[in-house]
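Here are the chains, one letter per residue:
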Amino acid sequence: MNTSPDFSRLSLNSATTKKWTLAEAVEGCVRAGIPAIGPWRDIVSGAGLDKAARLIKEAGLRVSSLCRGGFLTAADREGQAAALADNRAAILEAVALETQELFLVVGGLAPGEKDVVAARQRVSERLEDLVPFAVEHGVRLVLEPLHPMYAADRALISTLGQALDLAAPYAPSAVGVAVDTFHVWWDPELKEQIQRAGRERRIASYQVCDFNVPIAADALLSRGMMGDGVIDFATIGTWVRDAGYTGDIEVEIFNQDIWNADGDAVLETMKQRYADLVLPYA
């Protein structure tokens, strides 16, 4: 007997339909039968926080995560104070949107800097500053390791192991980690680190998209629809499943061709690829 795919864990990260407003993304999810959304702060701001929360709630969607806080590597006091203020604002936005998961992209080198060790130490120090505020408001800070090609300007945390080490001083309910296939597929220690994350109860999000080659001129746009690139979703998905993760699975894609396409068509393709390549191993 044929049964319909179970989309109950599928979430649209709003980056995938970048040209849509939040209202359009919410309406698209409702039309497509996608039960969750992971908005970026820019489209939340564009709608207005109170209206954004109302739009999502009235549509019956849940918020799988909020993207993003972070950028914690400023070397000067003014920059550090600004980063803390922005991240505290992001935590309050997560509360308003009724999500417990706030992604952090930790940041790269400060302008003119080459001391990677010092920059990573500042990430640790700023995290120590932020965790009590996040805990007070019931929000988990989700450390997202990014592919090493983004280390200089976006995230000095490149592996799941590094993210777990950074999270280690804190309770799993306070600081978790994200497994984003685009960023971690290449890591020879990925299986062991996913298993570790499971033992430590730190997997806060599983994000999927493909890694397209050749890499785009703008490396940020090298993400692809599942099945269009080189990632083995069966293997990684099995590792994440076996580590005990049962939460939402976000599709997050930065790709100009996908952004230029009809949003409803993108969601239908996304659902089909999810059903074929991700769901069987989730």
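Scoring rules and cut-offs
Residues numbered from 1 in each chain as written. Predicted model: local features only at pLDDT ≥ 70, side-chain atom pairs only at ≥ 80, totals over all residues. Heavy atoms only, no water. 1 Å grid on protein atoms, 1.4 Å probe; cavity = no way out; pocket = protein on both sides within 12 Å on 5 of 7 lines; lining within 4 Å. Points joined across faces, edges and corners; volume = space filled by probe spheres on them. Helix = DSSP H or I, 4+ residues; strand = E, 2+ residues; numbered from the N terminus. Nonpolar A, V, L, I, M, F, W, Y, C, P; charged D, E, K, R; others polar. Patch = residues over 30% accessible without salt bridge, like charges linked within 9 Å, V, L, I, M, F, W, Y side chains within 5 Å. Areas by Shrake-Rupley, 256 points an atom, 1.4 Å probe, with all protein chains shown as cover. Salt bridge = Lys/Arg side-chain N within 4 Å of Asp/Glu carboxyl O. Buried < 20%, exposed > 50% of the residue type's maximum accessible area, 1.4 Å probe, protein only. Pairing = 2+ DSSP bridges. Contact = heavy atoms within 4.5 Å. Axes fitted to C-alpha atoms, helices over the stretch in contact; angles between N-to-C directions. Parallel < 35°, antiparallel > 145°, perpendicular 65-115°, else oblique. Phe/Tyr/Trp six-rings, centres within 6.5 Å; stacked < 30°, edge-to-face > 60°. Lys NZ or Arg CZ within 6 Å of the ring centre and 35° of its normal. Arc of directions from axis to C-beta.

**Q** What exactly am I supposed to notice about the layout of surface pockets here?
**A** Where empty space is left in the structure can be found by rolling a water-sized probe over the atoms. As a volume, the largest pocket reaches approximately 380 Å³. In terms of lining residues, the largest pocket is bounded by 21 residues, among which Trp40, Arg68, Leu220, Glu252 and Phe254 are the most central. Elements supplying a minimum of two residues to the lining of the largest pocket: helix H2 (41-47), strand S4 (66-70) and helix H7 (181-184). When its residues are assigned to classes, the lining of the largest pocket shows 12 nonpolar, 2 polar and 7 charged.

**Q** Any chance you could explain a nonpolar patch on the surface here in plain terms?
**A** A surface patch of nonpolar side chains, amounting to about 400 Å² of accessible area, comprises Met149, Trp185, Val213, Ile215 and Val230. Positionally, Val230 belongs in the loop between strand S10 (223-224) and helix H9 (233-242). Under the relative-accessibility criterion, Val230 is labelled partly exposed at 41%.

**Q** How should I be thinking about the sheet that holds strand S5 (residues 101-105) in this particular structure?
**A** In any sheet, the strands associate via hydrogen bonds between backbone groups, in a parallel or an antiparallel arrangement. The 9 strands lie next to each other as S3-S2-S1-S11-S8-S7-S6-S5-S4, forming an open sheet whose pairing is parallel. Every interior strand has two partners, whereas the edge strands, strand S3 (62-63) and S4, have only one. Strands in contact with helix H4 (residues 77-96) are S4, S5 and strand S6 (140-143); relative to S4, the strand with the most contacts, it is inclined by about 160°. Against the sheet, H9 engages strand S7 (175-180) and strand S8 (203-208), with an angle of about 165° to S8.

**Q** When you look at the packing of helix H1 (residues 22-32) against helix H3 (residues 49-58) in this model, what are you seeing that I'm missing?
**A** For any two helices packed against each other, one specifies the crossing angle of their axes together with the interaxial distance. Where H1 contacts H3, the axes come no closer than 10 Å and their chain directions differ by 10°. Relative to H3, the element H1 is oriented roughly parallel. Mapping the contact onto sequence places Leu22, Ala23 and Val26 in H1 and Ala52, Leu55 and Ile56 in H3.

**Q** In this structure, what is going on with the packing of aromatic side chains? I would like to understand it.
**A** For the coordinates displayed, the defined rule picks out 6 aromatic pairs. Here the aromatic rings of Trp40 and Phe254 are separated by 5.7 Å at their centres, their planes lie at 80°, and the arrangement is edge-to-face. Of the two residues, Trp40 sits in the loop between strand S2 (36-38) and H2 while Phe254 sits in the loop between strand S11 (249-251) and helix H10 (256-260), which places them 214 residues apart along the sequence. Given a relative accessible area of 17%, Trp40 falls into the buried group. Ring geometry for Phe182 against Phe211: centres 4.9 Å apart, planes inclined by 25°, an arrangement best described as stacked. Taken together, the residues Phe182 in helix H7 and Phe211 in strand S9 (residues 210-211) connect sequence positions 29 residues apart. You'll find Phe182 and Phe211 in the same group, each marked buried. An aromatic cluster of three or more residues is present, and its members are Tyr150, Phe182, Trp185 and Phe211. When the ring centre of Trp259 is taken as origin, the NZ or CZ atom of Lys18, which lies over that ring, is 5.4 Å away.

**Q** Sorry, what's going on with unusual backbone geometry here?
**A** Where the residue is not glycine, phi is negative for most of them; where a peptide bond is considered, it is trans in most cases. Cis rather than trans, the peptide bond between Cys67 and Arg68 has omega equal to -10°. Even without a glycine there, the phi angle at Phe71 is positive, about 50°. Looking at where Phe71 falls in the secondary structure, it is placed in the loop between S4 and H4. Taking the relative accessible area as the measure of exposure, Phe71 reaches 32% and is therefore partly exposed. Here Glu98, not a glycine, exhibits a phi torsion of approximately 60°, which is positive. With respect to the helices and strands, Glu98 occurs in the loop between H4 and S5.

**Q** How do you make sense of H1 when you look at a structure like this?
**A** Side chains of residues three or four places apart in an α-helix project in the same direction, reflecting 3.6 residues per turn. Every buried residue of H1 is listed here: Leu22, Ala25, Val26, Gly28, Cys29 and Ala32. Burial along H1 is one-sided: seen end-on, the buried residues are contained in an arc of 160°. Among the structural elements, strand S1 (10-13), S2, H2, H3 and helix H11 (263-278) are those in contact with the buried residues of H1. Of the residues trailing H1, Gly33 is marked for its positive phi of about 75°.

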